Amino acid sequence: EVQLVESGGGLVQPGRSLKLSCAASGFTFSSFAMAWVRQAPKKGLEWVATITSGGSNTYYPDSVKGRFTISRDNAKSTLYLQMDSLRSEDTATYYCAKDGLRRGLFDYWGQGVMVTVSS
Amino acid sequence: DVQMTQSPSNLAASPGESVSINCKASKSISKYLAWYQQKPGKANKLLIYSGSTLQSGTPSRFSGSGSGTDFTLTIRNLEPEDFGLYYCQQHNEYPPTFGAGTKLELK
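Residue positions are given per chain, counting from 1 as you read along its sequence in written order. Chain letters start at A and ligand numbers start at 1, both assigned in the order the entries are written. Residues qualify for local features only when their pLDDT is at least 70, as the model is predicted, and side-chain atom pairs are given and counted only at 80 or more; totals for whole chains, interfaces and linings, by contrast, use all residues. Each side-chain value is worked out from all heavy atoms of the structure, with water and hydrogens disregarded.

Caption draft 1: Expanded view of the overall build of chain A. We count a stretch as a helix when DSSP gives it H or I for four or more residues in a row; a strand needs E for two or more, and each element gets its number in order from the N terminus. The number of helices and strands found in chain A is 0 helices and 11 strands. Starting at the N terminus, the α and β elements of chain A follow one another as β-β-β-β-β-β-β-β-β-β-β. For 119 residues, the compact-globule estimate of 2.2 N^0.38 gives 14 Å, and chain A sits close to it at 13 Å. Projected onto its principal axes, the C-alpha positions of chain A cover 40 × 25 × 25 Å. Each residue gets one of three labels from its accessible area relative to the maximum for its type: buried under 20%, exposed over 50%, partly exposed in between, using a 1.4 Å probe on protein chains only. Evaluated residue by residue, chain A yields a buried proportion of 47% over its 119 residues. The globule rule used for comparison is 2.2 Å times the number of residues to the exponent 0.38, while the radius of gyration itself is calculated over C-alpha atoms.

As structure tokens, this is what we get:
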């Protein structure tokens, strides 16, 4: 059974940093691209970052480019999201997601971790 | 970026009824449209991808149709567990983009 478990969320002040983790199990982690998707309170879903299976390529939307860094440790089956220069608009639940048969298709999701950016 | 417009925003129905949710892309996405279900306390679930292909484990009462810019999710014979939020998402090009969601509520 595929399991994705996020951790590392919490309350952080604007301008500060936070690092999220996602522990994966139930599939060959090193064979799949992985992604982060977020959802602001009472809002829709927004893709945040993707990393290829080997970690050599990463992709971001303009809203987080230069501030967020996605990475992975295939030996530990763990995905990360380093979030720097956080803004109030980054307040959201962050989901870890596994890429499916096609890049950008998310076939398994974690339950999410809340990040609140506030002074 | 491809904009996804989902309708209706809210939908009320009773168990046993059939409902449809629509999703329109701002440009052609070929067949690459996915539908997800979101319920409180549970991981988001991929229901359908590539417009009409059921993900493993998705009940057959769910079906997807459409291509190009216009897509539809149909749920026949609603079950109590089907009530929740539904999102469409295009997986044709980067960045992947989502519709605003449809809340399916019990009438």
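Structure shown, so let's carry the discussion forward.
Caption draft 2: Seen up close, the interface of chain A and chain B. Whether two residues are in contact is decided by their heavy atoms, any of which lying within 4.5 Å being enough. If you look at the interface, chain A gives 21 residues, while chain B gives 19 residues. Buried surface area refers to the total accessible area, computed with a probe of radius 1.4 Å, that the two partners give up upon joining, counted for both partners together. For the pairing of chain A and chain B, the buried interface totals around 1,700 Å² over both sides, and the portion due to carbon and sulfur atoms is 59%. Here, a salt bridge means any side-chain nitrogen of Lys or Arg that lies within 4 Å of a carboxyl oxygen of Asp or Glu. Run the count over chain A and chain B and you get 0 salt bridges. Think of a polar contact as two N or O atoms within 3.5 Å of one another; within protein, one of them needs to be a possible hydrogen donor and the other a possible acceptor, and neighboring residues in sequence only count if both atoms come from side chains. Across the chain A-chain B interface, the total number found is 8 residue pairs in polar contact (both at pLDDT 80 or more). The set of elements that each furnish at least two residues to the side of chain A that touches chain B consists of strand 4 (34–39), strand 5 (45–51) and strand 10 (106–109) of chain A. Only Asp, Glu, Lys and Arg are considered charged in this grouping, and only Ala, Val, Leu, Ile, Met, Phe, Trp, Tyr, Cys and Pro are considered nonpolar; every other residue, Gly among them, is considered polar. Partitioning the side of chain A that touches chain B into residue classes produces 10 nonpolar, 6 polar and 5 charged.

Caption draft 3: Summary view of the nonpolar core. Buried residues of nine kinds, namely Ala, Val, Leu, Ile, Met, Phe, Trp, Tyr and Cys, make up a nonpolar core once their side-chain atoms join them within 4.5 Å. One finds Leu20, Trp36, Leu79, Leu81, Met83 and Tyr94 of chain A to be the most contacted residues of the largest nonpolar core, which totals 27 residues. Elements that contribute at least two residues to this core include exactly strand 3 (18–25), strand 4, strand 5, strand 7 (68–73), strand 8 (78–83), strand 9 (92–99) and strand 11 (113–117) of chain A. With 4 residues, the top contributor of residues to this core is strand 3 of chain A. Setting aside residues no more than four positions away along its own chain, Tyr94 of chain A makes contact with Glu6, Leu20, Trp36, Val37, Arg38, Val48, Phe68, Leu81, Met83, Gly112, Val113 and Val115 of chain A. Ranked by size, the runner-up nonpolar core spans 22 residues in total, among them Cys23, Ala25, Leu47 and Leu78 of chain B.

Caption draft 4: Molecular detail of the pattern of salt bridges. Residues and elements named next belong to chain A. Scanning all chains against the criterion turns up 12 salt bridges over all chains. In this structure, Asp90 engages Arg67 in a salt bridge whose closest nitrogen and oxygen atoms are separated by 2.7 Å. Linking Asp90 in the loop between strand 8 and strand 9 with Arg67 in the loop between strand 6 (58–59) and strand 7, this pair joins segments that are 23 residues apart in sequence. Given a relative accessible area of 0%, Asp90 falls into the buried group. Judged by relative accessible area, which is 7%, Arg67 ranks as buried.

Caption draft 5: Spotlight on the environment of Gln55 of chain B. Along the polypeptide, Gln55 of chain B turns up in the loop between strand 6 (53–54) and strand 7 (62–67). Along the sequence, Gln55 of chain B and Trp35 of chain B sit 20 residues apart, while their C-alpha atoms lie 9.8 Å from each other.

Caption draft 6: Spotlight on the sheet that holds strand 8 of chain A. All names here are of chain A. On the basis of which strands lie adjacent, the open sheet formed by 4 strands has the order 1-3-8-7 and antiparallel pairing. Pairing within the sheet leaves two strands with one partner each, and these edge strands are strand 1 (3–7) and strand 7. Strand-to-strand, the axes of this sheet are offset by a mean angle of 15 degrees, without reference to chain direction. Where strand 1 meets strand 3, 5 bridges bridge the pair, whose relative direction is antiparallel. Paired with Glu6 across the two strands is Cys22, which belongs to strand 3. Only strands joined by at least two bridges in the DSSP assignment are considered to pair. To obtain an axis, a line is fitted to C-alpha atoms, over the contacting stretch when the element is a helix, and the angle between two such axes runs from 0 to 180 degrees between their N-to-C directions.

Caption draft 7: Structural context of the sheet that holds strand 3 (residues 19–25) of chain B. Residue and element names in this part refer to chain B. Ordered by their spatial adjacency, 4 strands build an open sheet running 1-3-8-7, and the pairing between neighbours is antiparallel. Unpaired on one side and paired on the other, strand 1 (4–7) and strand 7 mark the two borders of the sheet. With strand direction ignored, the average angle separating the axes of adjacent strands in the sheet is 15 degrees. Both strand 1 and strand 3 contribute to a ladder of 4 bridges, which runs antiparallel. Paired with Thr5 across the strands is Lys24, a residue of strand 3.

Caption draft 8: View of the layout of surface pockets. The volume enclosed by the largest pocket comes to roughly 600 Å³. Lining the largest pocket are 26 residues, with Gln39 and Lys43 of chain A together with Gln38, Leu85 and Tyr87 of chain B sitting closest to its centre. When residues of the lining of the largest pocket are traced back to their parent elements, those giving at least two are strand 9 of chain A together with strand 9 (84–90) and strand 11 (102–106) of chain B. Considered class by class, the residues forming the lining of the largest pocket number 9 nonpolar, 12 polar and 5 charged. Computed over the protein atoms alone on a 1 Å grid, cavities are sets of points where a 1.4 Å probe fits but cannot get out and pockets are open sets with protein on both sides within 12 Å along at least five of seven lines; a residue lines them when it has an atom within 4 Å of a point. Grid points are joined across faces, edges and corners, and a volume is the space filled by probe spheres set on the points.

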